[in-house]
Amino acid sequence: MARRSGNLNVATAARKAEAGGAEEKDTFFLWGVARSPVKNNGGKMVADKQAREVLQAYLEGWQRKDKESWLALFAADAEVIDPVGAPAHTGLEAISAFWDTVTSTGLALNPTLHRIAVCGDEAVMSFTMASTAPSGMGMAVEIIDVFTFDDGGKITRLRAYWDQGCMRMITP
């Protein structure tokens, strides 16, 4: 692999990792600093494309209010902390109850994706969730979610970051 100080050589490392060829000794240069591909506990990286597809399906599940498809994105022993500081919802039964609480208002949920970054077995997603009534009144919350994935691409941990400063009213 080419090593050039000051050059961004991420594409080569990403292609090699996606093909399953990344090894501990592989490095690439990012802003002139040597970096090693980040690996999860199993020694494999979650494919960038796979993680992005899971996160897109996560948002689509909320928008369509498709509980089954949304829950299928999580590992059986997954943990959801939303927001960070609140009690954890651990396991699919508890995560299902969390879903029921959020969707019980009957409001339409319309997420707008801003950014996804995938590093090793983790990803961060920035989005705005607009919750609106048929009248058009509602609330928009800017959220940053941090996800951890298992080797199969299932979500094992979700930590949501938002507070009152992230909320704004929506008017028709």
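These remarks concern the structure in this document.

Calculation notes
- Residues numbered from 1 in each chain as written.
- Predicted model: local features only at pLDDT ≥ 70, side-chain atom pairs only at ≥ 80, totals over all residues.
- Heavy atoms only, no water.
- Salt bridge = Lys/Arg side-chain N within 4 Å of Asp/Glu carboxyl O.
- Helix = DSSP H or I, 4+ residues; strand = E, 2+ residues; numbered from the N terminus.
- Buried < 20%, exposed > 50% of the residue type's maximum accessible area, 1.4 Å probe, protein only.
- Pairing = 2+ DSSP bridges.
- Contact = heavy atoms within 4.5 Å.

## Some words on the pattern of salt bridges
Line of reasoning, step 1. Under the definition given, this model contains six salt bridges.
Line of reasoning, step 2. As a salt-bridge pair, R157 and E79 come within 2.8 Å of each other at their nearest N and O atoms. Of the two residues, R157 sits in strand 8 (residues 155-161) while E79 sits in strand 3 (residues 74-81), which places them 78 residues apart along the sequence.
Line of reasoning, step 3. Judged by relative accessible area, which is 33%, R157 ranks as partly exposed.

## Considering the pairing of strand 6 (residues 122-132)
Line of reasoning, step 1. The element strand 6 is extensively covered by neighbouring structure, given that eight of its eleven residues are classed as buried.
Line of reasoning, step 2. Across eleven bridges, the pairing between strand 5 (residues 108-119) and strand 6 is antiparallel. By the bridge assignment for strand 6, L113 is matched with F127.
Line of reasoning, step 3. Taking the residues that link successive antiparallel strands as the turn, the strand 5-strand 6 hairpin has two residues, and the phi of G120 there is positive, at about 65°.
Line of reasoning, step 4. Sheet topology places strand 6 next to strand 7 (residues 138-149); eleven bridges connect them, and they run antiparallel. Paired with V124 across the two strands is V146, which belongs to strand 7.
Line of reasoning, step 5. Two successive antiparallel strands, strand 6 and strand 7, enclose a turn made up of five residues, where G136 displays a positive phi of approximately 95°.

## Concerning the environment of A78
Line of reasoning, step 1. Tracing the backbone through its elements, the reader meets A78 in strand 3.
Line of reasoning, step 2. For A78, a relative accessible area of 0% corresponds to the buried category.
Line of reasoning, step 3. Separated by eleven residues in the primary sequence, A78 and H89 place their C-alpha atoms 8.2 Å from one another.
Line of reasoning, step 4. Ignoring anything within four residues of it in the chain, the contact list for A78 reads H89, T90, G91, I95, I155 and T156.

So, to be careful, I would describe these as geometric facts and stop short of saying anything about function.
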